[in-house]
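Overview (structure and organization)
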Amino acid sequence: MRTMKAVQVAKAGGPLEVVERDVPEPGAGQVLIKIQACGICHSDALTKEGQWPGLEYPRVPGHEIAGVIDKVGAGVEGWQAGQRVGVGWHGGHCGRCEHCRRGDFVLCQRALVPGISYDGGYAEFMVAPVEALARIPDDLSDVDAAPLLCAGITTFNALRNSGARAGDVVAVLGIGGLGHLGVQFARKMGFVTVAIARGQDKASLAKELGAHHYIDSTAVNVAEALQALGGARVILATVTSGKAMSAVVGGLGLNGKLIMVGLSEEPVEVPIAQFIMGRNSVQGWPSGTSADSQDTLAFSALSGIKPMIEEFPLTKAAEAYDRMMSGAARFRVVLNTGQ
Ligand SMILES: [Zn+2]
Ligand SMILES: [Zn+2]
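How each quantity is defined
Sequence order as written defines the numbering, with residues in each chain counted from 1. Key to labels: chains lettered from A, ligands numbered from 1, both in the order written. In view of the model being predicted, local features appear only for residues whose pLDDT reaches at least 70, and side-chain atom pairs are presented and counted only at 80 or more, with totals across whole chains, interfaces and linings using the full set of residues. Where side-chain values are given, they derive from all heavy atoms of the structure, hydrogens and water being excluded. We call an atom a donor if it is N, O or S and sits within 2.8 Å of the metal, or 3.2 Å for Na, K and Ca. Water is not counted, so some sites may look partial. Per the convention used, a helix needs a DSSP run of H or I reaching at least four residues, while a strand needs a run of E reaching at least two, with both numbered from the N terminus. Burial status follows relative accessibility: with a 1.4 Å probe on protein chains alone, a residue under 20% of its type maximum counts as buried, one over 50% as exposed, and anything between as partly exposed. Polar contact criterion, stated in full: a pair of N or O atoms within 3.5 Å, where within protein one must be able to donate a hydrogen and the other to accept it, and residues adjacent in sequence count only if both atoms are side-chain atoms. The contact definition used throughout considers only heavy atoms, calling two residues in contact when any of these lie within 4.5 Å. Pairing between two strands is assigned when DSSP locates at least 2 bridges connecting them. We define a salt bridge as a contact between a side-chain nitrogen of Lys or Arg and a carboxyl oxygen of Asp or Glu at a distance within 4 Å. For each domain, the first and last residues come from an automatic or database assignment. When two parts are put together, the accessible area they lose, computed with a 1.4 Å probe and summed over both, is reported as buried area. Basically, the charged four are Asp, Glu, Lys and Arg, the nonpolar ten are Ala, Val, Leu, Ile, Met, Phe, Trp, Tyr, Cys and Pro, and anything else, Gly included, counts as polar.

**Here we look at the coordination of the zinc ion (ligand 1)**
Those protein atoms acting as donors to the zinc ion (ligand 1) are C41 (SG), H63 (NE2) and C150 (SG), and they sit at 2.0 to 2.2 Å. Mapping the donors of the zinc ion (ligand 1) onto the primary sequence yields the spacing C-x21-H-x86-C. Remark: C150 occurs in helix α3 (residues 142-160) and C41 occurs in the loop between β3 (30-40) and α1 (45-48); sequence separation between them is 109 residues. Classification of C150 as buried rests on a relative accessible area of 10%.

In structure tokens:
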């Protein structure tokens, strides 16, 4: 039996600990993945701190996984050992519930999430069901692919399903882990791209990422600044503050939509008259399926979009996790397991 290093959480609130485990065997409809990289996401706290109901321990966190198929289980078609694959938040679906019956697999009522429902990417190997797999293009590195499987797909998929068309004004609120990818996607999709963040120090970064315009929310009235550009068709809200979202909805133009991908416990308040007379709307967006992940990776490789990352070895997962959660890392932290 082969063994591997894995980083597990033994109980809710417990530390991330490096352990030696047997390499798992893929069952029917599953593949064994040799992990090359795994991004660290704020949602990994659900596993680490026990914020997911019914989560069983010990558990290996991680749902931004890039690797290569090591072995396929019984009945697997279309996937072979040696293929590069990614796994994101969509870690499997039942195919039988009401949402699956309508083809909405990402909102499966029995959805599986790597690192929550089964052991995830903070390890040298993991097993995943085939419906969770996305192909990784040859010219995209593992460490760059990993964050695109959660932060990337969420912003890419929200924007491409937003109804905005080339030439429309699309604003991205917040330039952090999600927002710095959202700005790049918006630009490459052909939108008039507006980045909104706090302070002047992010202006040059916003331009480097492809923003045509930068709005410093501490210096000007964001709603007025967006109206001066003709009004936003879409504001992609990547911040984690309902108040900050409420402060910008006045910048929506005709048929404008606020799309929420950043989580907040605060409500969003909207001006009702503006929403009626401008046919405005507010929408939440939940990442996407493995096929959407695959599209995200392909589009990123095609258009030269990359996450800004800090790399750590697998054995330094605890340090890497703290760096991400404390906010010390401005964008994304990735475990480079294949280095
Ligand atoms: Zn995530
Ligand atoms: Zn289902």
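**Examining the side chain of K48**
Following the sequence through the fold, K48 ends up in helix α1. A distance of 3.4 Å separates polar atoms of two side chains, one belonging to K48 and the other to E49. Discounting residues that sit within four places of it in the chain, K48 has contacts with V9, K11, A12, G13, G14, P15, L16 and Y321.

**Structural notes on the pairing of β3**
In terms of residue burial, β3 counts as a mostly covered element, since 9 of its 11 residues are buried. Relative to strand β6 (residues 125-129), β3 runs antiparallel, the two being bridged by 5 bridges. For I33, the partnering residue across the bridge sits in β6 and is M126. Across 4 bridges, β3 lies against strand β15 (residues 332-336) in antiparallel orientation. Counterpart to C38 in the pairing with β15 is L335.

**What about the pattern of salt bridges?**
As enumerated under the stated definition, the model contains 13 salt bridges in all. One salt bridge connects D119 with R21, and the closest N-O pair in it is separated by 2.7 Å. Taken as a pair, D119 in the loop between α2 (98-101) and β6 and R21 in strand β2 (residues 16-22) lie far apart in primary sequence, 98 residues in all. Residue class for D119 comes out partly exposed when judged on its relative accessible area of 23%. With a shortest N-O distance of 2.7 Å, D292 and R160 are connected by a salt bridge. With D292 in helix α9 (residues 290-303) and R160 in helix α3, the pair connects residues that are 132 residues apart, well separated along the chain.

**Things to note about the domain arrangement of the protein chain**
Frequently, the measure chosen for interface size is the accessible area removed from exposure when the parts meet. Annotation of the protein chain at the domain level lists domain 1 (3-149 + 288-336) and domain 2 (162-284). On the domain 2 side, the residues contacting the 13 residues of domain 1 number 13 residues. Summing both partners gives a buried area of about 1000 Å² for domain 1 against domain 2, and 73% of it is carried by carbon and sulfur. For domain 1, the biggest contributors to the area lost against domain 2 are I305, R330 and F331; these three give 43% of the whole. One can count 0 salt bridges joining domain 1 with domain 2. At the surface where domain 1 touches domain 2, the tally comes to 3 residue pairs in polar contact (both at pLDDT 80 or more). Per element, the largest residue contribution to the side of domain 1 that touches domain 2 is 4 residues, and it comes from α9. Among the residues making up the side of domain 1 that touches domain 2, the classes are represented as 6 nonpolar, 4 polar and 3 charged.

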